[in-house]
Amino acid sequence: MSGSADRPAARRRVVDVCVLALDRECWRTYFRGLAAVAPTYLRAFGRHATTVFGTDHAAFRARLDAGDQDAAIDLLVAGQPERTDTDALLRTMDDNGVVHQVLMSCGGATADGDDVNSRVAAVAAKAPDRLQAWAGVDLTDPRAAVAELERCHALGMRGFAVTPFWQGVDPRDPVYDPVFRRARELGMPLWLHTGHHFARHAHDLCHPRNVDWIARRHPGLPVVAGHAAWPWVLEMVSIAQRHRDVYLDLSSHRPPWMARPGSGWEPLLLYGATALRDRVLFGSATWVNADPVAALAEQVAALGLGDEVTDRWLYGNAARLLGLGPG
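Fair warning: this is a prediction, and the values are worked out from it, not measured in the lab. (Residues numbered from 1 in each chain as written. Predicted model: local features only at pLDDT ≥ 70, side-chain atom pairs only at ≥ 80, totals over all residues. Heavy atoms only, no water.)

**Overview of helix 1 (residues 24–37)**
No. 1: With 14 residues, helix 1 extends 21 Å between its outermost C-alpha atoms, agreeing within 8% with the 20 Å of an ideal straight helix rising 1.5 Å per residue.
No. 2: Counted residue by residue, helix 1 has 11 buried out of 14 residues, so it is predominantly covered.
No. 3: Three or more residues of helix 1 are buried, namely Glu 25, Cys 26, Trp 27, Arg 28, Thr 29, Tyr 30, Phe 31, Gly 33, Leu 34, Ala 35 and Val 37.
No. 4: The elements touched by buried residues of helix 1 are helix 2 (40–44), helix 3 (46–53), helix 5 (69–77), helix 7 (116–125) and helix 9 (164–167). (Helix = DSSP H or I, 4+ residues; strand = E, 2+ residues; numbered from the N terminus. Expected span 1.5 Å × (residues − 1). Buried < 20%, exposed > 50% of the residue type's maximum accessible area, 1.4 Å probe, protein only. Contact = heavy atoms within 4.5 Å.)

The structure is reproduced here in structure tokens:
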């Protein structure tokens, strides 16, 4: 790898493929669902989250230490708007050089009688040239999952996300074939959580072999390996080389750590600049990174991949996947 980031990050086009832009009740639904299966996330990313949400970290931790997760979550989300302000979201995108965002949904019902998928779809529908929504789908009941996939497609949602550790499901089970088959028919790419997690379920429930299995069983269905399967990066790189419709999403990881010897990211930096240069995507994951997108993009540029590969990672590959065109 050679070359450096010669252009300021602000001049680089960015497509962010993993954003959570939720309102207060949807954030509450998200964090309570996450904490029910993986409470460690609240501590592991608590400082970043409180920075992003403008919440006092000491007060947040005090509630966690007292064993009151719900109170900690209520404090964390208290300052979020009752409804997502699309105009404010677009202004933030403009400030950070973001051309397009994929708004991820966790799915599920909210306490006020609504549902997260519908609310996220409504936000994206206000600016379809800049935003698109991907549904959160629970695989636990395959028939219900297919029905939800179809409902969300009718709402204008363009893809869907599955997080195996959240539901404790093995996505390789053939019982879920109808979900992936229907997604392919609808033209809805899959974002699949891969790699490390803090849930009570087995660590390898999110191993990249899930991507290989789905890609083999459902050719033509684009699969985005969420979080790029760290610490199994070498396996993920090998699997991506087997399947042209498999992509690696960098979200939730800080680029400066990738360049450190022993980080485990060496295979991606090598093959991501060569054989997989067209399959690496940029994602921020919003609440787990206190840095704004422009700073994260600059950190990607500082990896020394060269301008051409950097632009592919930050914009070009996602633009192709999402059908945005070259402009």
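Read on for the rest.
**What about the state of the cysteines?**
One way to say it: the disulfide is the covalent bond shared by the sulfur atoms of two cysteines.
No. 1: Applying the stated criterion to the full structure yields zero disulfides.
No. 2: In this structure Cys 18 is not part of a disulfide, and its nearest cysteine sulfur, from Cys 106, lies 12 Å away. (Disulfide = S-S within 2.5 Å.)

**Structural notes on empty space enclosed by the protein**
Over the atoms rolls a probe the size of a water molecule, and its path tells where empty space is left.
No. 1: Tallied over the full model, the rule gives one cavity of 30 Å³ or more.
No. 2: In this model, the largest cavity occupies a volume close to 40 Å³.
No. 3: What lines the largest cavity is simply Leu 250, His 253, Pro 255, Phe 282, Gly 283, Asn 289, Leu 296 and Val 300.
No. 4: For the lining of the largest cavity, the per-class residue count stands at five nonpolar, three polar and no charged. (1 Å grid on protein atoms, 1.4 Å probe; cavity = no way out; pocket = protein on both sides within 12 Å on 5 of 7 lines; lining within 4 Å. Points joined across faces, edges and corners; volume = space filled by probe spheres on them. Nonpolar A, V, L, I, M, F, W, Y, C, P; charged D, E, K, R; others polar.)

**Examining the nonpolar core**
No. 1: Of all hydrophobic cores here, the largest spans 112 residues; its most connected members are Phe 31, Phe 160, Trp 287 and Trp 313.
No. 2: The dominant element in this core, judged by the number of residues it contributes, is helix 16 (residues 307–322), at eight residues.
No. 3: Split by domain, this core shows at least three residues from each of two domains, domain 1 (23–77) and domain 2 (86–322).
No. 4: In this structure, Trp 313 is in contact with Leu 250, Leu 268, Leu 269, Gly 272, Arg 277, Val 280, Leu 281, Phe 282, Val 300, Leu 303 and Leu 305, ignoring residues within four places of it in sequence. (Core = buried A, V, L, I, M, F, W, Y, C linked by side-chain atoms within 4.5 Å. Domains from an automatic or database assignment.)

**Some thoughts on the pairing of strand 6 (residues 223–226)**
No. 1: Where burial is concerned, the two faces of strand 6 agree: the one with Val 223 and Ala 225 and the one with Val 224 and Gly 226 are both buried.
No. 2: Bridge count for strand 5 (residues 190–193) against strand 6 is four bridges, and the pairing is parallel. Within strand 6, the residue paired with Leu 190 across the bridge is Val 223.
No. 3: Here strand 6 pairs with strand 7 (residues 246–249) via three bridges, running parallel. Looking at strand 7, one finds that Ala 225 is bridged to Leu 248. (Pairing = 2+ DSSP bridges.)

**What to know about the layout of surface pockets**
No. 1: Volume-wise, the second largest pocket comes out at about 630 Å³.
No. 2: Across the lining of the second largest pocket, the residue classes tally to 16 nonpolar, eight polar and three charged.
No. 3: Counting residues domain by domain, the lining of the second largest pocket receives three or more from each of domain 1 (23–77) and domain 2 (86–322).

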